[in-house]
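Breakdown of the fold
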Amino acid sequence: MALEYQHLGPGVQAVQYALRVLESVDAHRDGVTAEQLSREIGVPPGQLKQVLAMLRRERYLGFVPGGGYVVGESLVLLGAAHRDAALAERLREVLTELRDEVGAAVYFSRYDDGEVRIVDFADGPNAPKVNEWVDFRSAAHASAVGKCLLSQLDHNGRREHLSRHRPARLTSRTEVDDRVLLTKLERQPATVPTLDLQEYAVGTVCAAIPVTIGKTVACLALSMPYAQAHRLRPAVDTLHERAAPVLLTMSI
């Protein structure tokens, strides 16, 4: 099951543009037009239109007829005193939207203090989450989430992690050889989803993509029953396309 991508997903570039748009809009408290934004930040009108639509959909921008674009409610909330709670709520909303769009359980994870951490997830009756039969912190070598996070570390960081969490065989497909694991992680392209094809749990397939901003090592992932594996590639394509709101939420 080959999932190949020629370029970095559109999410990262969209977020770079989006952050520049938000900075410019914030400097124009009475509103700013799309034409003026295009001139100020140097983004072509065609691409800017898509970014503005995304920012309005995610409520980071509002629109005042005759006055142009202004700061939206989501950005105001994230800048408020209860930012952490607002951030968690916004992340949950985005994950729920993604779950419904891809028809699979969706996860946002980070590598914090040397451990794999599932920050939040969205599942449902028709999108069951992975049965965590082995602690994810001990199974980074087998899970799509874990491998995606480890692939973003340097060589020494990967070796150090595997020295603390010795690879164990969880299914017949689990790779437990340190050298093979390190070679695969070293060669994992950032533009190609990391897969778990029944390596963590029999009957489940998963895929993860990096959503790193700055020094934060993070990823967005999905899982589905093996019987639905034929949907994995289109679901991952959608995850790539819709990663921008998650990136944006975590970068503000």
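Values in this document were obtained by computation on a predicted structure and should not be read as measured data. Residue positions are counted from 1 within each chain, in the order its sequence is given. In keeping with the model being predicted, local features are shown solely for residues with a pLDDT of at least 70 and side-chain atom pairs are shown and tallied solely at 80 or more, while totals for entire chains, interfaces and linings include all residues. Derived side-chain values reflect all non-hydrogen atoms in the structure, with water molecules and hydrogen atoms excluded from consideration.

1. Points about the overall build of the protein
- When you go through the protein residue by residue, the secondary structure sums to 10 helices and 7 strands.
- In what follows, residue pairs with any heavy atoms lying within 4.5 Å of each other are defined as contacts. Long-range pairs, those at least 24 residues apart, make up 62% of the contacts in the protein with a sequence separation of at least 6.
- All accessible-area figures derive from a Shrake-Rupley calculation using a 1.4 Å probe, and residue coverage is judged against the displayed protein chains alone. For the protein, the exposed area adds up to about 12500 Å²; of that, 51% sits on carbon and sulfur atoms. The helix and strand labels rest on DSSP assignments: H or I over at least four residues marks a helix, E over at least two residues marks a strand, and numbering proceeds from the N terminus.

2. Some details on the confidence of the model for the protein
- For every residue, the predictor reports its confidence as pLDDT, a number between 0 and 100. A residue-level look at the protein finds 86% of positions with pLDDT of 70 or above and a mean pLDDT of 85.
- Confidence over residues 1-9 falls short of pLDDT 50; this stretch has 22 contacts with residues more than four positions distant or in other chains.

3. Some thoughts on the side chain of threonine 194
- Locating threonine 194 in the fold gives a position in strand 5 (residues 194-197).
- Once residues lying within four places of it in the same chain are set aside, the contact partners of threonine 194 are Ala144, Lys147, Cys148, Gln188, Cys206, Ala207 and Ala208.

4. Topic: the packing of helix 2 (residues 34-41) against helix 3 (residues 45-57)
- Put simply, helix 2 and helix 3 touch, their axes get as near as 10 Å, and they point 115 degrees apart. In terms of their interaxial angle, helix 2 and helix 3 are classed as roughly perpendicular. Pair helix 2 / helix 3 crosses with right-handed handedness. Of the residues in helix 3, those in contact with Ala34, Leu37, Ser38 and Ile41 of helix 2 are Pro45, Leu48 and Leu52.
- Split into classes, the residues belonging to the contact of helix 2 with helix 3 amount to 6 nonpolar, 1 polar and no charged. Axes, fitted as lines to C-alpha atoms, cover a helix only where it is in contact. Angles between the N-to-C directions of the axes lie from 0 to 180 degrees. Angle categories are assigned with fixed cut-offs, so that under 35 degrees is roughly parallel, over 145 is roughly antiparallel, 65 to 115 is roughly perpendicular, and the rest are oblique. If you view the pair so one helix is near and one far, a crossing is left-handed when the near helix is turned anticlockwise from the far one by less than a right angle, and right-handed when it is turned clockwise. When residue character is reported, Ala, Val, Leu, Ile, Met, Phe, Trp, Tyr, Cys and Pro are called nonpolar, Asp, Glu, Lys and Arg charged, and the others, Gly included, polar.

5. Points about helix 6 (residues 144-151)
- The buried count for helix 6 comes to 8 of 8 residues, which makes it a mostly enclosed element.
- Type-normalised accessible area, obtained with a 1.4 Å probe on protein chains alone, sets the label of each residue: buried when under 20%, exposed when over 50%, and partly exposed for intermediate values. What helix 6 keeps buried is the set Ala144, Val145, Gly146, Lys147, Cys148, Leu149, Leu150 and Ser151.

6. Quick look at the environment of arginine 20
- Structurally, arginine 20 is set in helix 1 (residues 10-27).
- Placed 17 residues apart in sequence, arginine 20 and leucine 37 show a C-alpha to C-alpha distance of 9.3 Å.
- Not counting residues up to four positions away in its chain, the partners in contact with arginine 20 are Ile41, Gly42 and Val43.
- Here a polar contact is recorded for every N or O atom pair within 3.5 Å, except that within protein the pair must consist of a potential hydrogen donor and a potential acceptor, and residues adjacent in sequence are included only if both atoms are side-chain atoms. A polar side-chain atom of arginine 20 sits 2.3 Å from the main-chain carbonyl oxygen of isoleucine 41.

7. Comments concerning the side chain of histidine 161
- Tracing the sequence through the fold places histidine 161 in helix 7 (residues 155-164).
- Relative accessible area serves as the criterion here: at 1%, histidine 161 is assigned to the buried category.
- In this structure histidine 161 touches Tyr111, Gly114, Arg137, Ala140 and Leu150, once residues within four positions along its chain are discounted.

8. Some thoughts on the packing of aromatic side chains
- Paired rings are identified among Phe, Tyr and Trp, the last through its six-membered ring, by centres lying within 6.5 Å, and are further divided according to the angle between planes into stacked (under 30 degrees), edge-to-face (over 60) and tilted (the rest). Tallied over the full model, the rule gives 3 aromatic pairs.
- Between phenylalanine 136 and tyrosine 200, the aromatic rings sit 5.1 Å apart at their centres with planes inclined by 35 degrees, giving tilted as the arrangement. Residue phenylalanine 136 is located in the loop between strand 4 (115-122) and helix 6, and its partner tyrosine 200 is located in the loop between strand 5 and strand 6 (204-210); the two are separated by 64 residues in the primary sequence. The pair formed by phenylalanine 136 and tyrosine 200 is uniform in burial state, with each residue classed as buried.

9. Notes on unusual backbone geometry
- Its identity as a non-glycine residue notwithstanding, aspartate 113 has a phi of 50 degrees, on the positive side.
- Given the relative accessible area of 81%, aspartate 113 is considered exposed.
- At glutamine 198, a residue that is not glycine, the phi angle is positive and equals roughly 65 degrees.
- Along the chain, glutamine 198 turns up in the loop between strand 5 and strand 6.
- The class for glutamine 198 is buried, based on a relative accessible area of 11%.

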